[in-house]
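Close look at the chain arrangement
For reference, the chains in residue letters:
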Amino acid sequence: MTPKEKQNALKAGEIAKKVKEYARTIVKKDIPLLEIAEKIEKKIVELGGKPAFPTNLSINEIAAHYTPSYNDETLASGLLKVDMGVHINGWIADFTFSVDLENSAENKKLIEASEKALKNALEKIKQKNSLGEIGRTIQETIESCKFSPIVNLTGHEMNEYELHSGLTILNTENDNPEKLKEGLYAIEPFATNGNGKIYEGKPSGIYALADDKNIRSNDARNVLDFIAEEYKTLPFCSRWIVKKFGIKSLFALKQLEENGNLHQYPQLIEISKGKVAQSEDTFLVDDKIIVTSE
Ligand code: MN
Ligand code: MN
């Protein structure tokens, strides 16, 4: 990463801290998820950043990839994960907190387990431990709280306009001796009282550009050109496209997906419908380790 790129990543992190603080004040039981997502994304822009992906507001057994549709009526409840992204010129801060909205001791313990795992993993990273050691710490911390890590969700490296690129950071014990090299990473332990695995559920309305190849419909082409210009290879959602082009553009999205221009992400659901808590922060590995979003 160049000094300028690092600066961008750090600036995204500065905005992330403020957005996190703000989000904690507006996330309350029975507030529409649509309102929460839009307020968070508006705040990111007000602070000089752009959303790196649609705000994910996933409840209970939905581990990730729930973002409200343009006409969503779901209200905040249960164990809610608030997963947010900020970018500056493609350099991302990816960060999450979880909240208990039903006064449940079990939810609170799950949240504590994921927070502790994140904290312990960051300690290991600062001590320049291997990826195997980091995974082991996450698993041990969560299991010491009598819960399970989700084995098929991982932390990840990030690059310019790439939310997931390069290395993955497992949330479980493994024998990878590799250490983190200079770069930008997110670490995200998930704790569950279920089996500890997710399956792919319904389509999420979250998409990313897959292929810029030609499409015959003019409407679809216009939408595709906007996506390529505005989001590049970062995820976006149908809600954002409807805001820009109106409800008719949902058909264009369908055409673009069928033509292979777009990839749509599925919701990720815990296999035994266990409740899921997630904690996440972004850190920059340089001469020293800087947690950008905390
Ligand atoms: Mn995230
Ligand atoms: Mn992430």
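Residues numbered from 1 in each chain as written. Chains lettered and ligands numbered in written order. Predicted model: local features only at pLDDT ≥ 70, side-chain atom pairs only at ≥ 80, totals over all residues. Heavy atoms only, no water.

The secondary structure content of the chain amounts to seven helices and 16 strands. A globule of 294 residues ought to have a C-alpha radius of gyration of about 19 Å, and the chain, at 19 Å, matches this closely. Dimensions of the chain, computed from the C-alpha atoms along their principal axes, are close to 55 × 45 × 35 Å. Burial status across the chain gives 55% buried among its 294 residues. Taking contacts inside the chain between residues at least 6 apart in sequence as the whole, the part at least 24 apart equals 74%. Of the roughly 13100 Å² that the chain leaves accessible, carbon and sulfur atoms contribute 48%. Across the chain, 39 positive and 45 negative side-chain charges occur, with their mean positions spaced 3 Å apart. (Helix = DSSP H or I, 4+ residues; strand = E, 2+ residues; numbered from the N terminus. Rg over C-alpha atoms; globule rule 2.2 N^0.38 Å. Buried < 20%, exposed > 50% of the residue type's maximum accessible area, 1.4 Å probe, protein only. Contact = heavy atoms within 4.5 Å. Areas by Shrake-Rupley, 256 points an atom, 1.4 Å probe, with all protein chains shown as cover. Lys, Arg positive; Asp, Glu negative; His and termini not counted. Charge placed at Lys NZ, Arg CZ, Asp CG, Glu CD.)

Attention shifts here to unusual backbone geometry. In the Ramachandran plot, N60 falls in the positive-phi region, its phi being about 50 degrees despite a non-glycine side chain. As for its placement among the helices and strands, N60 is situated in the loop between β2 (56-59) and β3 (62-64). The exposure class of N60 is buried, given its relative accessible area of 18%. Located in the positive-phi region is H65, a residue other than glycine, with phi close to 70 degrees. Position of H65 relative to the elements: it lies in the loop between β3 and β4 (79-88).

Secondary-structure assignment places K43 in helix α2 (residues 33-46). In sequence terms K43 and M1 are 42 residues apart; their C-alpha atoms lie 27 Å from each other.

What follows deals with the coordination of the manganese ion (ligand 1). Around the manganese ion (ligand 1), the protein contributes the donor atoms D83 (OD), D83 (OD), D94 (OD) and E280 (OE), at 2.1 to 2.5 Å from the metal centre. Sequence spacing among the residues donating to the manganese ion (ligand 1) works out to D-x10-D-x185-E. In this model, the manganese ion (ligand 1) sits 3.3 Å from the manganese ion (ligand 2), the two metals being bridged by D94. One end of the pair, D83, is in strand β4; the other, D94, is in strand β5 (residues 91-100), with 11 residues separating them in the sequence. As far as the burial class goes, D83 and D94 line up, both buried. (Donors = N, O, S within 2.8 Å, 3.2 Å for Na, K, Ca; no water.)

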